[in-house]
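Understanding the architecture of this molecule
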Amino acid sequence: MNYNFITPEFDLKCDRRAASLVSMLRSRDRVYITDSPDEIKGIDSPIVILPFFISDARAASLLEAIPDKSPVFGGHEGTASRDVINRKGLLYTDILNEETFCRENALITAEAAMSLIINATDTTLHSMRIAVFGYGRIGQRLTRMLLSVGASVRVFTSDPEELELARTRGISACHLWQRDKMSDFGALVNTVPLKHVVDAETLEALSPDVYILDLASGENNVNWGKMHSLSLKGERGGSLPQRISPVSAALAVKNAIFRHLS
């Protein structure tokens, strides 16, 4: 069976995951890249794929043009989009809430994070001391990968279950705010979406050669102003899968879509 997919227009250079996904889908199905209501209304049995970072207004406008009860795939829909989905009875799947996709995405993110650490530091990962804030999907994957290449990892988490799990696995772990000997770390990776979880006091305690990588959602998990005033190296790792491994990221999305269509 062949499908008719619709996805809104996007910048091929900026969204390499979307570009890779379109290429994969076109190997056997039709893909229409359009926002035009007139074009959309002429497409038989459409299946809509919304980019994860599309604006709510733009997504809602596209959804208004498709037939009732059409399948739609996206991530974290906004209020306007949700209203259209409910009113038209659209069959909406939030890929970002699908467990298998989340595990695959965590793997891609963790691998990409390792490449950033390697590029940003002047020593090997082997024997490097690395602090990992949070022990959810990404934190667990990243910790496992780092340990496999000989890094010395310490996990910081405020979740009692995560803390117990890490310790059960033989991993050095402590409470999120138990931050002694922070100057020993060559890198700090944050996966906790909490304002200034990497606060001024923590930054002051770090080594001047440390590399800070924020993988959590949100823009203020790290006190960036303080970090820059201390001349520390750091960056936000937003959208790492599409930035570093767009083909693998696209395959994870494609697999999620066809799990629901099959």
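Residues numbered from 1 in each chain as written. Predicted model: local features only at pLDDT ≥ 70, side-chain atom pairs only at ≥ 80, totals over all residues. Heavy atoms only, no water.

This next bit is on empty space enclosed by the protein. Applying the stated rule across the entire model yields one cavity of 30 Å³ or more. If you add up the space inside the largest cavity, you get close to 200 Å³. What lines the largest cavity is a set of 19 residues, and nearest its centre among them are Ala-18, Leu-21, Ile-49, Leu-50 and Pro-51. Put simply, the parts of the chain that give the lining of the largest cavity at least two residues each are β1 (4-7), α1 (16-25) and β4 (71-74). Across the lining of the largest cavity, the residue classes break down as 14 nonpolar, three polar and two charged. (1 Å grid on protein atoms, 1.4 Å probe; cavity = no way out; pocket = protein on both sides within 12 Å on 5 of 7 lines; lining within 4 Å. Points joined across faces, edges and corners; volume = space filled by probe spheres on them. Helix = DSSP H or I, 4+ residues; strand = E, 2+ residues; numbered from the N terminus. Nonpolar A, V, L, I, M, F, W, Y, C, P; charged D, E, K, R; others polar.)

Pairing within the open sheet is parallel, and its five strands lie in the order β2-β1-β3-β4-β5. Edge positions in the open sheet fall to β2 (30-33) and β5 (91-94), since each of these has one partner strand only. Direction aside, the axes of adjacent strands within the sheet are offset by 20 degrees on average. Inspection of the sheet shows β1 paired to β2 by four bridges, in the parallel sense. The partner of Thr-7 across the bridge, within β2, is Ile-33. Sheet strands in contact with α1 are β1, β2 and β3 (46-49), and its direction is about 145 degrees off that of β2. (Pairing = 2+ DSSP bridges. Axes fitted to C-alpha atoms, helices over the stretch in contact; angles between N-to-C directions. Contact = heavy atoms within 4.5 Å.)

Taken as a whole, the largest pocket spans an internal volume of roughly 980 Å³. Taken together, 33 residues line the largest pocket, and the ones lying closest to its centre are Asn-105, Ile-138, Leu-215, Ala-216 and Ser-217. When residues of the lining of the largest pocket are traced back to their parent elements, those giving at least two are α5 (99-120), α6 (137-148) and α10 (240-244). Ranked by residues supplied to the lining of the largest pocket, first place goes to α5 with five residues. Of the residues belonging to the lining of the largest pocket, the class tally is 14 nonpolar, 14 polar and five charged.

The next point concerns the nonpolar core. In summary, soluble globular proteins display a tendency toward joint burial of nonpolar side chains. Core analysis: the biggest nonpolar cluster contains 27 residues, and Ile-117, Leu-125, Ile-130, Leu-142, Leu-146, Val-189 and Leu-213 have the highest contact counts within it. Listed by contribution, the elements that provide at least two residues to this core are α5, β6 (129-133), α6, β7 (152-157), α7 (160-168), β9 (187-190) and β10 (211-214). At six residues, α5 tops the list of elements feeding residues into this core. Other than its neighbours up to four places away in sequence, Leu-213 contacts Ala-113, Leu-116, Leu-188, Val-189, Asn-190, Glu-235, Arg-236 and Gly-237. Counting residues in each nonpolar core, the second largest holds 22 residues, with Ala-18, Phe-101, Ala-250 and Phe-258 among its members. (Core = buried A, V, L, I, M, F, W, Y, C linked by side-chain atoms within 4.5 Å. Buried < 20%, exposed > 50% of the residue type's maximum accessible area, 1.4 Å probe, protein only.)

Quick look at the pattern of salt bridges now. When their charged atoms lie close together, side chains carrying opposite charge are able to pair. This model, assessed by the stated rule, comprises twelve salt bridges. Between Arg-103 and Glu-99 there is a salt bridge, and its shortest N-O distance comes to 3.7 Å. Placement of both Arg-103 and Glu-99 in helix α5 is noted, with a separation of four residues, approximately one turn of the helix. Residue Arg-103 is classed as partly exposed on the basis of its relative accessible area of 42%. Glu-99 sits in the partly exposed class, given a relative accessible area of 38%. Its salt-bridge partner being Glu-99, residue Arg-137 comes within 2.6 Å of it at the nearest N-O pair. (Salt bridge = Lys/Arg side-chain N within 4 Å of Asp/Glu carboxyl O.)

The sheet built from six strands is open, its strands ordered β8-β7-β6-β9-β10-β11 with parallel pairing. Looking at strand neighbours, the two that pair on one side only are β8 (172-175) and β11 (233-236), the edges of this open sheet. Direction aside, the axes of adjacent strands within the sheet are offset by 15 degrees on average. Where β6 meets β9, four bridges bridge the pair, whose relative direction is parallel. In the sheet register, Ala-131 faces β9, and the bridge partner there is Leu-188. Each of β9, β10 and β11 touches α5; the most contacted strand, β10, lies at about 155 degrees to it.

The next thing to look at is α6. The end-to-end C-alpha separation of α6 is 17 Å, in line with the 16 Å expected for twelve residues at 1.5 Å each. Looking one or two residues past α6, Gly-150 carries a phi angle of roughly 95 degrees, positive in sign. (Expected span 1.5 Å × (residues − 1).)

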